[in-house]
Amino acid sequence: MELEILDYRYPGHEAPALSGVRLTVPPASLTLVAGGSGSGKSTLAGIMAGYLPGRTGGQLAGSISLAGQTLKYDGGAQPHVVDLRQWVRHVAYVPQNARSYLSMVRSTVEEELAFGLENAGMPRAEMAARIQTIAGRFDLGRLLQRDPARLSGGQERLVAIAAAAVTDAGVLVLDEPLAGLDELAAARVAATVRGLRDTGTAVVILTSVLDTRFSDAGHTLLLENGQSAAEGMPAVRQGAEAAGVVVPGGPAPARGGTSSLSPERAARGATVVPAGGSPTEPESRGSAAVLCYRNVGFSYPQPERNVRRARLARGRRRDVSGGAERTAIAPLLDTINFAVHAGECVALTGPNGTGKTTLLKMALGLIAPDAGSVAVAGRDTAEASVGQLAKTAGLLFQNPADQLFERSVHHEVAFGPPGSRPDPAAVRQALDACGLAGLEDEHPYELPVSRRRLVALATVLARRPALLVLDEPTVSLDGHGRKLLGRILTAATAGGAAVLLSTHDKEFAGAHCRRVVELGRQYALPHEAAAPEGISAPDGTSFR
Amino acid sequence: MIRLHPFTGLALAVAAALLTLAADRWWLSLAVTTAAVGLAVLAGTAARLMLTAGAVLAPLWLSQLMVHALFDTAGSEVLVAGGPVRLTLEGLTTAGGLGLRAAAFVSVFLLYSLTVDRIELVRAIDAARVPAQLGYIVAATLALVPATVNRAKAIEQAQAVRGAGEGSGPAGWLRRKRLLAVPLVLSSIQEATERSVQLQLRGFAGGPGRTQLHPVPARSWEKPFGLLVLCLAAAAAVLLASQGGR
Ligand SMILES: Nc1ncnc2c1ncn2[C@@H]1O[C@H](COP(=O)(O)OP(=O)(O)OP(=O)(O)O)[C@@H](O)[C@H]1O
Ligand SMILES: [Mg+2]
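From a predicted model like this one, the values you see are computed outputs, not experimental measurements.

## Quick look at the overall build of chain B
Within chain B, the regular secondary structure consists of eight helices and two strands. Along its sequence from the N terminus, chain B presents helices and strands in the succession α-α-α-β-β-α-α-α-α-α. For a compact globule of 246 residues, the expected C-alpha radius of gyration is about 18 Å, and chain B comes in at 23 Å, more than 25% above that figure. Referenced to the eigenvectors of the C-alpha coordinate spread, the extents of chain B come out at roughly 65 × 55 × 30 Å. Within chain B, the fraction of its 246 residues that count as buried is 38%.

In structure tokens form, the structure reads like this:
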């Protein structure tokens, strides 16, 4: 595939979103396009995927060659509309919001993986074989019979990438493929990407994080303001930080105001608390716990349809001994104990699907624990409504699509039912803190994803909660956004707020959080999970 | 309950609706309605069926009552008269008959839509040799229903965590729904456009020669049975209609 984009404008915008970008993507290559928020990555991806300019009214001048054909665009308002049915045979594209890649017209992950293949008319046997291979590569075995609409954020992304990789398209375009994935999953994706490249696929990765896993990319490009600012890894690395690209392992991000937390101090302060409480919980630090989990246990109900399907699937495969129904599945969360105090920032980590989001939602009463209790400012969440808890706590959802619903940034941040509208001064302050001054009238959905995430964060801050619950706040933030977040966290804890955030970014957690609570011992050793009983340590910690 | 292929269920529903509409016998309408409610009880969706049916039927019944019963001008057996109101036996019978037929029709199709596995229906349509574009539109529309439900839940949660979850009872409920309405409509439109692009990007624009990993299972008797039921219903409908009712 070859792209030459002289100029691309979105309808109604004067400034070009992309200009003077040239990209050649030969077979069996890995191309990394780095860039901060709004640098034009997703626009580039959209053009490669074939849906831009399409019928959106955008104007493109340039040419695209794909599989021996060349499309020329003259920058007119009536651009050539590509036939997506043909295009998708050559290009598979996973957007930044991986959830939107899932078709939602299939009821299991297995069929979701098959979806692209079905549409291409692949025979069943071949389809099944391919799915088995890809599921093996991504370790999706446990998820195959699950409902794609009920996956955790990381699982959604993994399934989407698998569903794109399984199509065997010649060009694979991945927008932020590693965001929100745990170490293992990220390693699997990176390995698969490399494997695909070695077997002839042209892989293009768009990212705002220069992950070392992709440092062997054959071609690297840095986008800034829609223009290519640097080419080649060394040059890109040099210009990265200024362009808003995160360079892990690089100089620690500036932590607004407090540079007092040296790495060593952070490391000493970080205590790993295994799931199931721990003796290392700092003893009473004078301040009361703002958020307290006590012996929390929880499992999602098994949807009836999937049980039926699983049974059907088992029935089809005669070789599996059908008798033993999996009656007792290990609970998702089991005796979780920890507390977050005023003025401290605690990180919640753990592999994908271990229940971080579930646990965080409990703090606002969106999910009720099966066992144990969750208390916010001394008040049991079981006895308060979500609205009452929202007076103390604010939640940043993992996916900004779940948080934003208003028609402009200002409406969004100032939203509140009569009587509990955020104070205008607080709204102003939240907008400024999130770097959104001047964007008040924009539609949140027309902002770049990093900005959208900051809008979501501003909606939380505007209410000035005493407890900030942030679900993977670093995901989809570019370098500039992360700096803002760091500053916000510092200011919040200095002002006496308690912060609980989930993250896969150990570096960020180390730099900004005093303690780390690690979930998911249950799944760390999947083979032992089959053991009839967990072993209980004397202090009540249970290892499975 | 045994699970039927989505098309078998559809054939049964269409047959029942056709028969009641054409026959115009009050006892038949009543029997079909009762059967639908009975099956809904078995399937555990009786409450939802009644609620939704009530919401659909109440305005319908009311308007029919006004048109046919209260202000009837043709009937001869006047029961009540006064001012513009003229309640006749004929008018009441007409309104009752129409109302019952509407009830049968609505409850049969509601029963179908509440019990059918939408995703299986999508796959069945996919597999059937309907024109690709039509299949695509039907499938995308059907997929929109759960997507909208999910979206509504998400917005409600997003509003609740910003303090909008207050107030219990009908007043609070109403307030929450009012807050929900505009964002839901706007974001549904947005999402529908986005999803249609995404589906196309996965090659779902239709086209011949698509395959399925797990075709929807249909027992061998289901297709002939469904066709037979449809034919019988059509024949009966024609017969009853030609006899001229009542
Ligand atoms: N509504 C739901 N119904 C059923 N199962 C669910 C639902 N939501 C999540 N799950 C499952 O529960 C488990 C925990 O999900 P959760 O979202 O809490 O994970 P997480 O730790 O936040 O993961 P990630 O790092 O990917 O965000 C996952 O296996 C997920 O598939
Ligand atoms: Mg999560």
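## A look at the domain arrangement of chain A
Residues and elements named next belong to chain A. For chain A, the assigned domains are domain 1 (2-240) and domain 2 (285-392 + 465-543). Between domain 1 and domain 2, the contact holds 20 residues from the first and 15 residues from the second. Note on domain 1 versus domain 2: buried area summed over both sides is about 1,400 Å², and carbon and sulfur give 48% of it. Linking domain 1 with domain 2 are zero salt bridges. For the side of domain 1 that touches domain 2, the residue count by class is four nonpolar, eleven polar and five charged.

## Comments concerning the site of ligand 1
All names here are of chain A. As a structural note, the neighbourhood of ligand 1 is formed by 19 residues, with R146, S152, Q155, T357 and T358 the closest of them. Here an oxygen atom of ligand 1 sits 2.3 Å away from a polar atom, N or O, in the side chain of R146. For ligand 1, an oxygen atom lies 2.4 Å from a polar atom in the side chain of T358. Protein contact buries 87% of the 640 Å² of open area that ligand 1 shows by itself. Contributions of two or more residues to the shell around ligand 1 are made by helix 5 (153-165) and helix 10 (356-362).

## Considering the environment of A237(B)
Residue and element names in this part refer to chain B. Within the element layout of this structure, A237 appears in helix 8 (residues 222-243). On the basis of relative accessible area, A237 is assigned to the buried category, the value being 7%. Here the alpha-carbon distance between A237 and L19, two residues 218 residues apart in the chain, equals 5.4 Å. Discounting chain neighbours no more than four positions away, the residues touching A237 are L18, L19 and A22.

## Describing the interface of chain A and chain B
Tallying the contact residues gives 62 residues for chain A and 46 residues for chain B. Between chain A and chain B, a total of about 4,700 Å² is buried, with carbon and sulfur atoms accounting for 55% of that surface. Counting the contacts that link chain A with chain B gives two salt bridges. Here E412(A) ties to R162(B) by a salt bridge, and the two come within 2.8 Å at their closest N and O atoms. Between chain A and chain B we count 15 residue pairs in polar contact (both at pLDDT 80 or more) in total. Residue assignment for the side of chain A that touches chain B shows that the elements contributing at least two residues are helix 2 (84-87), helix 3 (109-119), helix 4 (124-138), helix 9 (304-316), helix 11 (386-389) and strand 17 (393-396) of chain A. Counting residues per element, the side of chain A that touches chain B draws most heavily on helix 3 of chain A, at nine residues. Its residues assigned to classes, the side of chain A that touches chain B comprises 31 nonpolar, 14 polar and 17 charged.

## Some words on the sheet that holds strand 8 (residues 202-207) of chain A
Residues and elements named next belong to chain A. Read from one edge of the open sheet, six strands run 6-7-8-3-9-10, paired in mixed fashion. Here the strands that pair on one side only, and so sit at the sheet edges, are strand 6 (91-94) and strand 10 (227-231). Neighbour to neighbour, the strand axes of the sheet diverge by 20 degrees on average, direction disregarded. Across five bridges, strand 7 (residues 171-175) lies against strand 8 in parallel orientation. By the bridge assignment for strand 8, D175 is matched with L206.

## Digging into the sheet that holds strand 12 (residues 289-298) of chain A
Residues and elements named next belong to chain A. Ordered by their spatial adjacency, four strands build an open sheet running 13-12-15-16, and the pairing between neighbours is antiparallel. Strand pairing shows two members of the sheet lacking a second neighbour, strand 13 (333-341) and strand 16 (379-380), which therefore form its edges. Strand direction decides the pairing type here: strand 15 (residues 371-376) and strand 16, joined by two bridges, are antiparallel. Each residue of the ladder has a partner; that of A375, found in strand 16, is D380.

## Examining the confidence of the model for chain A
All names here are of chain A. Averaged over chain A, the pLDDT score is 81; the fraction of residues at 70 or greater is 83%. Counted against residues more than four places away or in other chains, residues 314-327, with its pLDDT under 50, gives four contacts. Below pLDDT 50 for its whole length, residues 522-544 participates in 31 contacts with residues either more than four positions away or in separate chains.

Conventions adopted
- Residues numbered from 1 in each chain as written.
- Chains lettered and ligands numbered in written order.
- Predicted model: local features only at pLDDT ≥ 70, side-chain atom pairs only at ≥ 80, totals over all residues.
- Heavy atoms only, no water.
- Helix = DSSP H or I, 4+ residues; strand = E, 2+ residues; numbered from the N terminus.
- Rg over C-alpha atoms; globule rule 2.2 N^0.38 Å.
- Buried < 20%, exposed > 50% of the residue type's maximum accessible area, 1.4 Å probe, protein only.
- Domains from an automatic or database assignment.
- Contact = heavy atoms within 4.5 Å.
- Buried area = accessible area lost by both parts, 1.4 Å probe.
- Salt bridge = Lys/Arg side-chain N within 4 Å of Asp/Glu carboxyl O.
- Nonpolar A, V, L, I, M, F, W, Y, C, P; charged D, E, K, R; others polar.
- Near = heavy atom within 4 Å.
- Polar contact = N/O pair within 3.5 Å; in protein donor to acceptor, adjacent residues only side chain to side chain.
- Areas by Shrake-Rupley, 256 points an atom, 1.4 Å probe, with all protein chains shown as cover.
- Pairing = 2+ DSSP bridges.
- Axes fitted to C-alpha atoms, helices over the stretch in contact; angles between N-to-C directions.
- pLDDT = per-residue confidence, 0-100.

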